[in-house]
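One-letter residues, chain by chain:
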Amino acid sequence: MTSEVETTRGRPETIRAVPVRHPWRWVAVVVIAVLVAMFAHMLVANPNIHWSVVRKNLFNSLILQGVRMTLELTVISMAVGIVLGVVAAVMRLSRNPIVSGVAWVYVWFFRGTPLLVQIFFWFAFSTFVRNIAFGIPFGPHFDGADSNKVVTLFISGILALALNEGAYMSEIVRAGIVSVDEGQTEAAHALGMTRLQTMWRVVLPQAMRVIIPPTGNEVNSMLKNTSLVSVAGLIDLLAAAQHIYYKNYRIVELLIVASIWYLAMTSAWQIVQYYIERYYGRGSARATPLTPMQRARMLAARGGHYQ
Amino acid sequence: MTAPLMVDAQQVHKSFGVNEVLKGIDFQVAPGQVICLLGPSGSGKSTFLRCINHLEKINAGRLYVDGELVGYRQVGDKLHELPEKEVARKRTEIGMVFQHFNLFPHMTALGNIMEAPTRVKGEPKDDVRARAMDLLAKVGLADRARAYPRQLSGGQQQRVAIARALAMRPKLMLFDEPTSALDPELVGDVLAVMRDLARSGMTMIVVTHEIGFAREVADTVVFMDGGVVVESGPPSEVISNPQHTRTQAFLSQVL
């Protein structure tokens, strides 16, 4: 009945209400702008910060070597750490109590001691294990090598970072696995998939959506934690900056150089992460958000106007 | 007996901890038969269905599918648990459709259907794709092959799930309340697909609350309550003229 009345009246006019005013937003904008300006002025016009030193050292060869070392340590440790984490997480969820116990002890130990201690430990490895050899346990061995040559400075850095990372990653991966609905495993089993196939094809790909954001955090932390290995003499980005300022005493300038590089690397990672998340989010939302490239193309197609 | 039974349950018992859910189920299904399992919730019908493809382990009794023991191998008078690979291989011959569809959300409808035939049976992709497209056409979803499960309605998802199970060319299909999670107007499409399947001669065991479907399609209706089979027979007897008071009480509530 009411609808009949409405249709005879026709469509009511579109509402054009006066929006609520937000005067405090403008106050906040002004306050923040002043603070930012003061900070920028302090940095730029400060006679004690020599920006020419920053500029000169930004692409210093030692700094570039340090960047490379930081990147290598991060990528390799993270890759090994993720593999360890997945293996430890799957072991932890195993029905075999020994297997899950081993994984539990691994996580307990490497999460429970400081990373710095673990780094020192691996650098000192060859002082208490002199030789590494293949052979029969407690029996004769076939081929061996001096552990100083096998566990180099770089390898021990990787070992320390990767083993520590693996412990944290395993908890992240485990959270991802248990977040996947039980029905998925059942459906896969009902189709005749083995437990390993189910994990690899059905559970892990879905767990990735939960795993990736905290893993992004881990990559970020790792980029910065690599600087800890400098205590043992590996020259990463921060160590390279330190080497330079020990000579020229331009501490703040070189810390700015290092920070610029760290920010550049973490920003680059953020972009990579965005695309990884997009990939694993497929099928999860009714429509995936556009990439910046797609958005730019669409904007261009519309002649530079939204809508 | 002429042909071997597709499913033969003899005094099947199943407990979860101290809670005994199945208290001695005797149950036979001949090839090509369609069985509807009715009963109040908690009566053990879904649990029994899940025992048939060994998603649940039975505690006592014997359960045979197509003449072979489910989940075990008999050597002398001792039962040996089957290794995982063997259990998995036997499951490839039994299709299952779940109440909540359980499609793999990270794969398209086509991907869902192709996954098991290619990965489990190792069949060539092109053959499987052709068969999957046929199956999608059969369930009326040929145009949604590239859609992800979340882009499909519940009824569409369930029809993809049926196609996924059929792609393995099973000799037995299990349906665990396939329409209970659907909006009422979507139930009909799913039941229509199941009706076609029954007509094609597939052996089916269907746990359902759709009395109309049971009456029309089932060869045998089995009414379960409290972990036992209370009454079974053709729908004209069990549904239209129930003998047991518990069956009468249940039917008077759902009809």
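Residues numbered from 1 in each chain as written. Chains lettered and ligands numbered in written order. Predicted model: local features only at pLDDT ≥ 70, side-chain atom pairs only at ≥ 80, totals over all residues. Heavy atoms only, no water.

Novice: A description of the overall build of chain A should follow, citing residues and the corresponding values.
Specialist: Within chain A one finds 14 helices and two strands. Its C-alpha atoms give chain A a radius of gyration of 28 Å, more than 25% over the compact-globule value 19 Å for 307 residues. Viewed in the frame of its principal axes, chain A has a C-alpha envelope of about 100 × 70 × 35 Å. Looking at chain A residue by residue over its 307 residues, the buried ones come to 34%. Once local pairs closer than 6 in sequence are excluded, the contacts in chain A between residues at least 24 apart make up 69%. (Helix = DSSP H or I, 4+ residues; strand = E, 2+ residues; numbered from the N terminus. Rg over C-alpha atoms; globule rule 2.2 N^0.38 Å. Buried < 20%, exposed > 50% of the residue type's maximum accessible area, 1.4 Å probe, protein only. Contact = heavy atoms within 4.5 Å.)

Novice: Summarise the pairing of strand 10 (residues 203-207) of chain B; cite the residues concerned and give the values.
Specialist: All names here are of chain B. Most of strand 10 sits inside the fold, with five of its five residues counted as buried. The alternating pattern of strand 10 places Thr203, Ile205 and Val207 on one face and Met204 and Val206 on the opposite face, and all of these are buried. Of the strand pairs in this sheet, strand 3 (residues 34-38) and strand 10 are connected by four bridges, and their pairing is parallel. Looking at the pairing, Val34 lines up with Met204 of strand 10. Pairing of strand 9 (residues 172-176) with strand 10, which is carried by five bridges, proceeds in the parallel orientation. (Pairing = 2+ DSSP bridges.)

Novice: So, the side chain of Glu231 of chain B: which residues are in play, and what are the values?
Specialist: All names here are of chain B. In this fold, Glu231 is placed in strand 12 (residues 228-233). Of the side chains bearing the opposite charge, Arg246 lies closest to the buried Glu231, which forms no salt bridge; the N-O distance is 8.8 Å. Among the polar contacts listed, one links the side chain of Glu231 to the backbone nitrogen of Gln243, at a separation of 2.8 Å. A distance of 3.1 Å separates a polar side-chain atom of Glu231 from the backbone nitrogen of His244. When neighbours within four sequence positions are excluded, Glu231 is seen to be in contact with Val221, Val222, Phe223, Val238, Pro242, Gln243, His244 and Thr247. (Lys, Arg positive; Asp, Glu negative; His and termini not counted. Salt bridge = Lys/Arg side-chain N within 4 Å of Asp/Glu carboxyl O. Polar contact = N/O pair within 3.5 Å; in protein donor to acceptor, adjacent residues only side chain to side chain.)

Novice: Now, about the pairing of strand 7 (residues 78-81) of chain B: what can you tell me, with residues and values included?
Specialist: Residues and elements named next belong to chain B. Note that strand 6 (residues 72-75) and strand 7 share four bridges and pair antiparallel. Note that in strand 7 the partner of Tyr72 across the bridge is Glu81. Counting the residues between successive antiparallel strands, the hairpin from strand 6 to strand 7 contains two residues, one of them, Gly76, with a positive phi of roughly 65 degrees.

Novice: Before we move on, can you summarise the sheet that holds strand 2 (residues 19-29) of chain B with the specific residues and values?
Specialist: Sheet strands line up and pair through hydrogen bonds in the backbone, either parallel or antiparallel. Residue and element names in this part refer to chain B. Spatially, the four strands line up as an open sheet ordered 2-1-4-5, and their pairing is antiparallel. In the strand order of this sheet, the two ends are held by strand 2 and strand 5 (68-69), each with one partner. Examined bridge by bridge, strand 4 (residues 60-65) and strand 5 share two bridges and lie antiparallel to one another. Looking at the pairing, Tyr64 lines up with Leu69 of strand 5. Lying over the sheet, helix 1 (residues 45-52) contacts strand 1 (7-16), strand 2 and strand 4, oriented at roughly 65 degrees with respect to strand 2. (Axes fitted to C-alpha atoms, helices over the stretch in contact; angles between N-to-C directions.)

Novice: I'd like a rundown of the interface of chain B and chain A, residues and numbers included.
Specialist: Facing 27 residues of chain B, the contacting portion of chain A comprises 22 residues. Here chain B packs against chain A, burying approximately 2,300 Å² in sum over the two surfaces, 54% of which is carbon and sulfur. Between the two partners, chain B and chain A, sit three salt bridges. Between Arg201 of chain A and Glu115 of chain B there is a salt bridge whose closest N-O contact spans 2.7 Å. Considering each element in turn, the side of chain B that touches chain A owes the most residues, four residues, to helix 2 (residues 84-91) of chain B. Taken together, the residues of the side of chain B that touches chain A break down into 14 nonpolar, five polar and eight charged. (Buried area = accessible area lost by both parts, 1.4 Å probe. Nonpolar A, V, L, I, M, F, W, Y, C, P; charged D, E, K, R; others polar.)

Novice: Residue-level account of the side chain of Thr266 of chain A, with values.
Specialist: With respect to the helices and strands, the residue Thr266 of chain A is situated in helix 13 (residues 251-280). Excluding residues that lie within four positions of it along the chain, Thr266 of chain A makes contacts with Asn220 and Leu223 of chain A.

Novice: Can you tell me about the pattern of salt bridges, naming the residues and giving the values?
Specialist: Oppositely charged side chains can pair when the atoms bearing their charge come close. Residue and element names in this part refer to chain B. Per the counting criterion, the structure on display carries 20 salt bridges over all chains. Between Glu123 and Arg169 there is a salt bridge, with its nearest N and O atoms 4.0 Å apart. Of this pair, Glu123 sits in the loop between helix 3 (109-119) and helix 4 (125-138) while Arg169 is found in the loop between helix 5 (154-166) and strand 9, placing the two residues 46 residues apart along the sequence. According to the relative accessible area criterion, Arg169 is exposed, its value standing at 57%. Among the ionic pairs, Asp189 bridges to Arg159, the shortest N-O distance being 3.8 Å. On the criterion of sequence distance, the pair formed by Asp189 in helix 6 (residues 184-199) and Arg159 in helix 5 is long-range, its members being 30 residues apart. Several salt bridges converge on common partners, so that one network encompasses Asp66, Glu86, Arg89, Glu93 and Lys171.

Novice: Go over the nonpolar core, please, and point to the residues and values.
Specialist: Residues Ile162, Met173, Phe175, Met194 and Met204 of chain B are the most contacted members of the largest nonpolar core, which totals 52 residues. Residue contributions to this core peak at eight residues, all from helix 6 of chain B. Non-local contacts of Phe175 of chain B, meaning those with residues more than four positions away in its chain, are made with Leu49, Val97, Ile162, Met194, Leu197, Met204, Ile205, Val206 and Val207 of chain B. Residues Leu191 of chain A together with Ile58, Val70 and Phe104 of chain B belong to the second largest nonpolar core, which totals 39 residues. (Core = buried A, V, L, I, M, F, W, Y, C linked by side-chain atoms within 4.5 Å.)

Novice: How would you sum up the sheet that holds strand 3 of chain B? Please name residues and give values.
Specialist: Residues and elements named next belong to chain B. The strand order across the open sheet built from six strands is 8-9-10-3-11-12, with neighbouring strands paired in mixed fashion. The open sheet terminates on both sides in strands that have one partner only, identified here as strand 8 (94-97) and strand 12. Across this sheet, the average inter-strand angle for adjacent strands is 15 degrees, counted without regard to direction. Most of the contacts of helix 6 go to strand 10, to which it runs at about 145 degrees, and overall it touches strand 3, strand 9 and strand 10. Lying on the sheet, helix 9 (residues 245-254) is in contact with strand 3, strand 11 (220-225) and strand 12; it crosses strand 11 at an angle near 100 degrees.

Novice: So, the state of the cysteines: which residues are in play, and what are the values?
Specialist: All names here are of chain B. Under the defined criterion, the tally for this structure stands at zero disulfides over all chains. Cys51 supplies the cysteine sulfur nearest to Cys36, a cysteine that is in no disulfide, at a spacing of 19 Å. The exposure class of Cys36 is buried, given its relative accessible area of 0%. Since its relative accessible area comes to 0%, Cys51 is described here as buried. (Disulfide = S-S within 2.5 Å.)

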